[in-house]
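A closer look at the structure
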Amino acid sequence: MNCFLDLAVSRRSIRKFEDKEIPVEDIEYFIKAATYAPSGCNSQCWKFIAVKDRDIIKKIENIVIQKVDDILKEKAEELPQSYLASKRKMVSFFAKAPVVIAVFMTKAKFYDETFISVLKEQGHDNKSIMDIFANYDILSIGAAIQNMLLAIHEKGYGACWMNEPAIAGKDINEVLGISLDKRFISLIPVGIPAYTPREKKIKSMDEVFSIV
Ligand SMILES: Cc1cc2nc3c(=O)[nH]c(=O)nc-3n(C[C@H](O)[C@H](O)[C@H](O)COP(=O)(O)O)c2cc1C
């Protein structure tokens, strides 16, 4: 790869992996890249757990599939079996990766307590304050994950940013022994890609960009 744009353009979501271990130094490299992302008020409001233990991965797979089944239970007779089977597969393919990185969000601080207290006097609570600031805690997590995905790709591995497992977020906290003040956000399965993804359609520059 010659330049940053090559790296950004060629990164793709990968959903099938070869059955090969990833050295710990490489996992640490991915996490290091994530921890240098920008974050609102430099909160660094993240925590990462790289799960290699097959039993723990299996437990997470089971609880995610169970959650999907529970949600779809009422509609199970109306929905085609093929939908149910593919839904289960799409929420649980992470379980076949050699490493699954779980991403949690911790409480973000705000650098200007005076401004926050004025907003609170005007009737805002913590949630509406976060809305005003476009949920900068979640945005920060996104920046960290994207850094991580690019580092993974640079090293020749593939990964997929998965938010669907968040439907079983609290149970994932429990399996990983993470207290609920840290909110589960995403799973990132990582491994050597077992296929080449189809080309993706990209919106034109005119559609998404202008200079005024
Ligand atoms: C916030 C976010 C959540 C995502 N969640 C999932 C997911 O749960 N399952 C999945 O298969 N892909 C998920 N993806 C991957 C997207 O489907 C993928 O990035 C998109 O289709 C573009 O393809 P590309 O990553 O190959 O460029 C997610 C991506 C983002 C940014």
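Scroll up for the structure.
Here's what I pulled together on the structure shown here. Treat the numbers as computed from the prediction; the structure is a model and nothing was measured.

Cut-offs and rules
Residues numbered from 1 in each chain as written. Predicted model: local features only at pLDDT ≥ 70, side-chain atom pairs only at ≥ 80, totals over all residues. Heavy atoms only, no water. Pairing = 2+ DSSP bridges. Helix = DSSP H or I, 4+ residues; strand = E, 2+ residues; numbered from the N terminus. Contact = heavy atoms within 4.5 Å. Axes fitted to C-alpha atoms, helices over the stretch in contact; angles between N-to-C directions. Phe/Tyr/Trp six-rings, centres within 6.5 Å; stacked < 30°, edge-to-face > 60°. Buried < 20%, exposed > 50% of the residue type's maximum accessible area, 1.4 Å probe, protein only. Patch = residues over 30% accessible without salt bridge, like charges linked within 9 Å, V, L, I, M, F, W, Y side chains within 5 Å. Areas by Shrake-Rupley, 256 points an atom, 1.4 Å probe, with all protein chains shown as cover. Salt bridge = Lys/Arg side-chain N within 4 Å of Asp/Glu carboxyl O. Near = heavy atom within 4 Å. Polar contact = N/O pair within 3.5 Å; in protein donor to acceptor, adjacent residues only side chain to side chain. Nonpolar A, V, L, I, M, F, W, Y, C, P; charged D, E, K, R; others polar.

Concerning the sheet that holds strand β2 (residues 99-105)
The 4 strands are arranged β1-β2-β4-β3 in an open sheet whose pairing can be described as antiparallel. Two strands in the sheet have a free side with no partner beyond their single neighbour: β1 (46-51) and β3 (158-159). Here β3 pairs with strand β4 (residues 183-191) via 2 bridges, running antiparallel. Residue pairing for β4: G158 is matched across the bridge by G191. Relative to the sheet, helix α2 (residues 24-35) contacts β1, β2 and β4, its axis offset from that of β1 by approximately 165 degrees.

Thoughts on the packing of aromatic side chains
By the definition in use, this model includes 8 aromatic pairs. Both rings, one in F30 and one in Y157, keep their centres 5.6 Å apart while their planes meet at 80 degrees; by these two values the pair is edge-to-face. With F30 in helix α2 and Y157 in the loop between α7 (136-154) and β3, this residue pair connects regions lying 127 residues apart in the sequence. The burial state of F30 is the same as that of Y157; both residues are buried. Their ring planes at 70 degrees and their centres at 6.5 Å tell us that F133 and Y136 sit as a pair that is edge-to-face. Classification of F133 as partly exposed rests on a relative accessible area of 25%. Given a relative accessible area of 11%, Y136 falls into the buried group. What links up through ring pairs into an aromatic cluster is the set F110, Y111, F115, F133 and Y136.

Some points on unusual backbone geometry
Not every positive phi belongs to a glycine, and C41 is a case in point at roughly 55 degrees. Mapping C41 onto the fold places it in the loop between α2 and β1. By relative accessible area, C41 is classed as partly exposed at 21%. Of note, Q44 is a non-glycine position whose phi angle comes to about 45 degrees, a positive value. Within the element layout of this structure, Q44 appears in the loop between α2 and β1.

Quick word on a nonpolar patch on the surface
Taken together, the side chains of M205, V208, F209 and I211 define a hydrophobic patch exposed on the protein surface, amounting to about 480 Å² of accessible area. Along the chain, the position of V208 falls in helix α9 (residues 205-208).

Observations concerning the site of the ligand
The immediate surroundings of the ligand are formed by R11, R12, S13, R15, M90, F93, C160, W161, M162, N163, E164 and K200. Take S13: an N or O atom from its side chain is 2.6 Å from an oxygen atom of the ligand. One of the side-chain nitrogen or oxygen atoms of R15 is found 2.8 Å away from an oxygen atom of the ligand. For the ligand, whose free accessible area comes to 620 Å², the fraction covered by protein is 66%. Here the shell around the ligand is composed, by residue class, of 5 nonpolar, 2 polar and 5 charged.

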